[in-house]
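Letter by letter, the chains look like this.
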Amino acid sequence: MSQSVRTSPDGSARALSEAYDTALLDLDGVVYAGGNAIAHAVDSLATARAGGMRLAYVTNNALRTPDAVAEHLTELGIPTGADDVITSAQAVARLISEQVPAGSRVLVIGGEGLRVALRERGLEPVDSAEDEPVAVVQGYGGPDLAWGRFAEACYAIARGVPWFASNTDLTIPSARGIAPGNGAAVEVVRIATGAEPQVAGKPLPPMHKETILRTGAERPLVVGDRLDTDIEGAFNGDVDSLLVLTGVTDGAQLLAAPPQHRPTYVDADLRGMLTGQPEVTEAGDGFRCGGWTATAGRDRLELDGEGEPLDGLRALCAAAWTAAGDGSCALDGEKALARLGL
């Protein structure tokens with residue numbers, strides 16, 4: 001896929017909830033954190049839905065079933081049906097079903113979300129390498145997943161059984177901080193076997209395919225907090241994206257983003273779906289957004305002016321991304337970000 005290199009966040013005269021027909025929303029760090037709704041999420045999503053935007057929740061977490069996710073969201077005050085939830089478990093189950101006969105046994109290293117998704121595709125989940133599986137699938141199993149499950153995967157893979165992974169996120173946010181994700185568990189099996197899994201989840205095409213098949217979205221907007229999954233997934237699917245700063249990405253990471261990690265829009269939280277987005281314009285040898293002007297110096301980014309901190313961040317993105325071109329910006333932006341409180 002050939003795409004022009006993004007050198008600035010875009011502006012939008014229309015509210016994003018009006019410009020796009022479907023929001024493809026990540027969950028952890030976007031809608032909730034540690035199981036609790038993030039500030040402004042419930043009201044923002046209700047307003048977007050009331051205005052006619054379809055809301056779909058797209059998660060790399062393969063542990064919970066769509067029913068369980070929908071129930072949790074509904075309890076938070078976000079009415080959701082299971083059909084509104086798309087998981088990496090569903091994406092990897094489809095990927096496996098396209099390569100093995102119907103009714104095949106699949107060794108599951110993970111939780112109930114994987115088992116339900118496999119049965120939906122006509123496959124039989126099993127627990128042991130001695131059950132003669134034709135595939136191994138690994139997904140996030142939660143903090144109580146037994147170490148012996150990784151050994152079971154290794155036994156099957158050593159016999160030549162193909163290995164699939166729902167996703168490779170190295171970390172997952174929790175109420176107590178950042179915890180190891182499925183990617184960390186995948187590394188355990190990779191190191192032990194020397195094998196490489198086929199991966200389905202964000203940012204890879206199988207997840208985007210699953211999402212579009214299930215939602216029928218024609219003008220989707222990916223909304224996420226992670227550059228290497230949500231935003232890169234949107235890039236790979238050639239669709240627009242909104243980065244919200246309620247999760248794992250900070251200002252320094254955003255300024256250093258390579259082209260595949262640069263979002264279309266940047267906002268503080270999900271209220272950004274309900275508004276237009278300010279334009280970033282060229283101003284002399286720099287870029288202006290709102291009351292801020294950002295320029296790229298010899299070794300650092302410079303910021304002048306005053307106004308909304310997010311406008312300053314958008315201007316800095318334009319200066320950093322333009323200076324970096326198709327690479328990553330190495331200019332020091334710490335002082336400029338400090339002025340914005342970011």
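An account of the accompanying structure is given in this report. (Residues numbered from 1 in each chain as written. Predicted model: local features only at pLDDT ≥ 70, side-chain atom pairs only at ≥ 80, totals over all residues. Heavy atoms only, no water.)

### Considerations on the overall build of the chain
Short version of the rule: Secondary structure elements are defined from DSSP: runs of H or I of at least 4 residues count as helices, runs of E of at least 2 residues count as strands, and each element is numbered from the N terminus. Only protein chains enter the area calculation, which uses a 1.4 Å probe; residues under 20% of their type maximum are buried, those over 50% are exposed, and those in between are partly exposed. In this analysis, two residues are considered to be in contact whenever any of their non-hydrogen atoms come within 4.5 Å of each other. Method for areas: the Shrake-Rupley scheme with a 1.4 Å probe, in which residue coverage is limited to the protein chains shown.
Looking only at helices and strands, the chain has twelve helices and 19 strands in total. For the C-alpha atoms alone, the extent of the chain along its principal axes is close to 70 × 45 × 40 Å. With 342 residues in all, the chain has 53% of them scored as buried. Pairs at least 24 residues apart make up 70% of the contacts formed inside the chain by residues separated by at least 6 positions. Here the chain displays about 14,600 Å² of accessible surface, and carbon together with sulfur accounts for 49% of that area.

### Description of the pattern of salt bridges
So the rule is basically this: We count a salt bridge whenever a side-chain nitrogen from Lys or Arg sits within 4 Å of a carboxyl oxygen from Asp or Glu.
A full pass over the atoms with the stated rule returns 19 salt bridges. A salt bridge links Glu 112 to Arg 119; the nearest nitrogen and oxygen atoms lie 3.9 Å apart. Residue classification places Glu 112 among the partly exposed positions, given a relative accessible area of 42%. Of the residues examined, Arg 119 reaches a relative accessible area of 48% and is grouped as partly exposed. A salt bridge links Arg 300 to Glu 302; the nearest nitrogen and oxygen atoms lie 2.8 Å apart.

### Considerations on the nonpolar core
Keep this limit in mind: Put simply, buried Ala, Val, Leu, Ile, Met, Phe, Trp, Tyr and Cys residues joined by side-chain atoms within 4.5 Å make one nonpolar core.
If you look at the biggest cluster of nonpolar residues, it comprises 28 residues, and the most contacted ones within it are Leu 254, Leu 255, Leu 303, Leu 313 and Leu 316. Going through the elements one at a time, helix H9 (227-237), helix H10 (251-255), strand S17 (286-289), strand S18 (292-296), strand S19 (301-305), helix H11 (309-324) and helix H12 (334-340) are the ones with two or more residues in this core. At ten residues, H11 tops the list of elements feeding residues into this core. Not counting chain neighbours up to four residues away, the residues in contact with Leu 303 comprise Trp 292, Thr 293, Ala 294, Gly 312, Leu 316, Ala 336, Arg 339 and Leu 340. Counting residues in hydrophobic clusters, the runner-up holds 27 residues, among them Leu 25, Tyr 57, Val 85 and Val 244.

### Some words on the environment of Ala 13
Here Ala 13 is to be found in the segment before helix H1 (16-19). Classification of Ala 13 as exposed rests on a relative accessible area of 84%.

### Examining the pairing of S18
Which entries qualify depends on this criterion: By definition, two strands form a pair when at least two bridges between them are found by DSSP.
Of all the five residues making up S18, four are buried; the element is thus mostly covered by neighbouring parts of the structure. Both S17 and S18 contribute to a ladder of three bridges, which runs antiparallel. Directly across from Arg 288, in S18, lies its bridge partner Thr 293. Counting the residues that bridge the hairpin from S17 to S18 gives two residues, and of these Gly 290 lies at a positive phi of roughly 60 degrees.

### Describing the packing of aromatic side chains
The following threshold applies: Aromatic rings from Phe, Tyr and Trp, taking only the six-membered ring of Trp, are treated as a pair when their centres fall within 6.5 Å; an angle between ring planes under 30 degrees marks them as stacked, one over 60 as edge-to-face, and anything in between as tilted.
Scanning the model with the defined rule gives two aromatic pairs in all. Between Tyr 20 and Tyr 265 the ring centres are 6.3 Å apart and the planes differ by 75 degrees, which places this aromatic pair in the edge-to-face class. Residue Tyr 20 is located in the loop between H1 and strand S1 (22-25), and its partner Tyr 265 is located in strand S15 (residues 265-267); the two are separated by 245 residues in the primary sequence. With respect to class, Tyr 20 is no different from Tyr 265; both count as buried.

### Description of the environment of Gly 233
As for its position among the elements, Gly 233 is in helix H9. You can call Gly 233 buried: its relative accessible area is 11%. In this structure the C-alpha to C-alpha distance between Gly 233 and Gly 201, which are 32 residues apart in sequence, comes to 8.9 Å.

No statement about biological role is implied by the geometric values presented.
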